[in-house]
Amino acid sequence: MKKFLVLSLVLVMALAGSVFAADEVVIVEDVEEVVEEVVEEVVEPKVPELVFSGEFGAEVKQSVWTWTEEGAPGWKGLKTTTGAFSFLNGDSKFDHHIKLGMGSSSDTWSLAVKLAKDTAGEGLVGLDDDGGYTLKVNDDLFNLTVWQGDANSQGFVRDTFALVQGRDKGAATVRASASIMDLAKLTLQLEPGNSMIAQVTADVAGAELGLIAQRKFHDTDLPALKGATYEYDEDKNVVIEKVKAESRTGDDAVKVEATVENALDTVALTAAYDFEIVKVTVGGGLSMNNTKELEDVPAAVKDDVEKLTKDLENAFAYAVKVEAPITDEIKAEASYVVKPADWKGNGSNSAVANVKGSYEADALAVNASFTTTGKPVNNPETDDNRTTTIALDGSYDFANDITAKLAVEHKIEKDKHAAIEENINTTKITADVSAPIVEGLVSVAANVGYTFDNLGAIQVGTYVANPAGFAQTTALAKRNHSAFALAKSVFDAGATFTVTPMDKLTLKPAVSFKSFKDGNKDDDESAAIRAIRNATQHTHFIPNDFTAGSIITLKADATYAVGGGATITLSAGNDSYNFTAINGADATLKYNNPFASAAVKVVF
């Protein structure tokens, strides 16, 4: 029956074509063949093909530390060496990764997975915690994304000022978005064990409007008081905190129960309107705690309970932003965002002011900015932890693919630590240039920079943080033999050459040099600097800080494109450290770190 209908349609179309285009009559010799093709398209539409992709990479690395010591004061007895470096001798590390992808050729869905490295005995079974997976489903009505992975960012769901912001990576997350009658866009994000976020954006009468709300599943932000514990009642949709507070009268400990009902933890509204000469965006938010019930509060612990429930009060955040295209080449922008200490949305206890300007015409681009951030207080008697940064940079594209860039930055860090009485003022100047030396064969990218401050609080990288424990075996020894480098002035320079002697081969020799001196040698201040510069690791460093020295790194890479998506890379180099002062005292402490690696990568 279907073939009969299709055949009738073909005949009718053929007759109609001969009537309306008599000067161009097409005679079909094999009508049955044409009918079969039409039937195939109409009755049996083509199914989108399944597309596979992936990547496999493996690398063998070797790195050996050697050193000499000539009476470095205060250092903890590094009298041994790890031995000489050899490509065929010494420890080596094997590393690999596997990425797999599949999806439909019509882009209606796709799945990308990164499998775990074979370091925990899982083989190729477990997912890589860093890369994770990403599943995307695209439809005319909605888009759906499910993903996981610490380095697998899928962008943020947030308002213009990030008053409310969902996570973009890490634990498993589900995000769905859809257009509502081409008038608005709705986005929902579910973060299991954490929160749910809903956002609506729309253009209304020329204004850009946005509404975003966040509901946290477990409100564990209540301040703990003398061993507080938290419980969550799903049926009542409340957070219950039970606190054991010791009575000031010496009586037996009492229990205080605080119940908080949260309908919506945080909601924020933004609105933007372009007045042609200036675009203005305003935003405001509210963190809500609808009810608060306290039961059996003894007078002896009343003060403690009030401290416990203080941040259950509503909190307000606000923001404003102004953008002005002064001319086609000049643009300016200013913004101010305030989030109070008890703000339950994204970030808290911060006030950020930002002013930016830019100029761009032909080959020249210039940018300037002023940013100050810290707690929303400005009281000399209060530690407001404020940082102010003034930056200026410019770039110019010369003829023949030559690009030069110059940047200057001045940073003022106020009240960063109680042990540091004065502000830390740091200035950084950098220059970069890239240019071809021999067109299509050799090019270079070079940089030079100078950084200085008033205190000697510049962190100069993590020079020797646990380099194989300096041949130490225990965890305590590894920690005690880590070191921190501080400086009042730092000079650095480097250059990387790219050489392509043939289509398949790329060579990249590189050299870098860094020199620093006059680091802070006050025990209290240097300990504070370690805390604010590397807060998560500062307790791992011994009190003896490197306060002067230099480092030279030589490295060369060679990459050969085998073909078919396969490449082989060989790399070798050496880090040479020469520390000349520890806590300001003269020292001679030299380290070398020869390294080499061989890697293969296949993309399919």
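Look up: the structure comes first, before these words.
A brief look at the structure comes next. (Residues numbered from 1 in each chain as written. Predicted model: local features only at pLDDT ≥ 70, side-chain atom pairs only at ≥ 80, totals over all residues. Heavy atoms only, no water.)

On a plain count of helices and strands, the chain comes out with 5 helices and 31 strands. Across the 604 residues in the chain, those meeting the buried criterion constitute 33%. When contacts within the chain are restricted to residue pairs at least 6 apart in sequence, long-range pairs at least 24 apart make up 55% of them. (Helix = DSSP H or I, 4+ residues; strand = E, 2+ residues; numbered from the N terminus. Buried < 20%, exposed > 50% of the residue type's maximum accessible area, 1.4 Å probe, protein only. Contact = heavy atoms within 4.5 Å.)

What follows covers the pattern of salt bridges. Pairing between side chains of opposite charge can happen when their charged atoms approach one another. A full pass over the atoms with the stated rule returns 7 salt bridges. Among the salt bridges present, the one from lysine 279 reaches glutamate 208, with a minimum N-O distance of 3.4 Å. Residue lysine 279 is located in strand β15 (residues 279-287), and its partner glutamate 208 is located in strand β10 (residues 207-216); the two are separated by 71 residues in the primary sequence. On the accessibility criterion, glutamate 208 (40% relative accessible area) is partly exposed. One salt bridge connects arginine 215 with aspartate 265, and the closest N-O pair in it is separated by 3.3 Å. Here aspartate 265 lies in the loop between β13 (254-261) and β14 (266-274) and arginine 215 lies in strand β10, a separation of 50 residues in the sequence. Exposure remark for aspartate 265: the relative accessible area of 4% places this residue in the buried category. One salt-bridge network, in which partners are shared between bridges, spans Lys321, Glu333 and Lys356. (Salt bridge = Lys/Arg side-chain N within 4 Å of Asp/Glu carboxyl O.)

This part is about the pairing of strand β5 (residues 133-138). The pairing of strand β4 (residues 109-115) with β5 spans 5 bridges and is classified as antiparallel. The residue of β5 that forms the bridge with tryptophan 109 is valine 137. Connecting β5 to the next strand, strand β6 (residues 142-149), in antiparallel fashion are 3 residues. (Pairing = 2+ DSSP bridges.)

Here we take up the packing of aromatic side chains. All chains considered together, the criterion is met by 6 aromatic pairs. Consider the rings of tyrosine 396 and phenylalanine 398, whose centres lie 4.7 Å apart with planes at 65°: the pair is edge-to-face. Given the relative accessible area of 37%, tyrosine 396 is considered partly exposed. Among the residues examined, phenylalanine 398 registers a relative accessible area of 44% and is labelled partly exposed. Seen from their ring centres, phenylalanine 546 and phenylalanine 579 are 3.8 Å apart, and the 15° between their planes marks the pair as stacked. Taken together, the residues phenylalanine 546 in strand β29 (residues 546-563) and phenylalanine 579 in strand β30 (residues 566-582) connect sequence positions 33 residues apart. Classification of phenylalanine 579 by relative accessible area gives buried; the value is 0%. The structure contains a cluster of three or more aromatic residues connected by ring pairs, namely Phe546, Tyr577 and Phe579. (Phe/Tyr/Trp six-rings, centres within 6.5 Å; stacked < 30°, edge-to-face > 60°.)

Turning to the nonpolar core, a few remarks are in order. Ranked by size, the top nonpolar core spans 14 residues in total, and within it Val460, Ala487, Val490, Phe516, Phe546, Phe579 and Leu589 carry the most contacts. If near-sequence neighbours (up to four positions away) are discounted, alanine 487 is found in contact with Asp453, Gly456, Ala457, Ile458, Val460, Phe516, Lys517, Asp518 and Gly519. Among the nonpolar cores identified, the runner-up in size contains 12 residues, and Val164, Ile197, Ala319 and Val337 belong to it. (Core = buried A, V, L, I, M, F, W, Y, C linked by side-chain atoms within 4.5 Å.)

With that settled, the discussion passes to a nonpolar patch on the surface. Judged by side-chain polarity, Leu392, Leu406, Val408, Ile429, Val448, Tyr450, Phe452, Phe491, Val511, Phe513, Ile552 and Leu554 come together as a nonpolar surface patch covering roughly 950 Å² of accessible area. Listing elements by their share of the nonpolar patch, those giving two or more residues are β22 (403-413), β24 (442-453), β28 (505-517) and β29. By residue number, the principal contributor to the nonpolar patch is β24, which donates 3 residues. The exposure class assigned to valine 408 is partly exposed, which follows from its relative accessible area of 36%. (Patch = residues over 30% accessible without salt bridge, like charges linked within 9 Å, V, L, I, M, F, W, Y side chains within 5 Å. Areas by Shrake-Rupley, 256 points an atom, 1.4 Å probe, with all protein chains shown as cover.)

Let us look at the environment of leucine 141. As for its placement among the helices and strands, leucine 141 is situated in the loop between β5 and β6. Residue class for leucine 141 comes out exposed when judged on its relative accessible area of 65%. For the pair leucine 141 and isoleucine 180, spaced 39 residues apart in the sequence, the C-alpha separation amounts to 8.9 Å. When sequence neighbours within four positions are dropped, the list of residues in contact with leucine 141 reads Ala178 and Ser179.

To continue, consider the pairing of strand β7 (residues 170-180). In this sheet, β7 lies alongside β6 in antiparallel orientation, the contact comprising 7 bridges. Across the sheet, the residue bridging to asparagine 143 is serine 177, located in β7. Pairing of β7 with strand β8 (residues 184-191) involves 7 bridges; the strand directions are antiparallel. Among the inter-strand pairings, valine 174 is bridged to a residue of β8, identified as leucine 190. Between β7 and β8, which pair antiparallel in sequence order, lie 3 residues; one of them, methionine 181, sits at a positive phi of approximately 50°.

Of note, glycine 461 is situated in the loop between β25 (458-459) and α4 (475-480). The exposure class assigned to glycine 461 is partly exposed, which follows from its relative accessible area of 32%.

Take helix α5 (residues 523-533) next. In an α-helix, one turn spans 3.6 residues; hence positions three or four apart end up facing the same way. Within α5 the residues assigned to the buried category are Glu525, Ser526, Ala528, Ile529, Arg530 and Ala531. Each element contacted by the buried residues of α5 is listed here: β26 (486-487). Capping of α5 at its N-terminal end is provided by aspartate 522; its side-chain oxygen lies 3.1 Å from the backbone amide nitrogen of aspartate 524. (Polar contact = N/O pair within 3.5 Å; in protein donor to acceptor, adjacent residues only side chain to side chain.)

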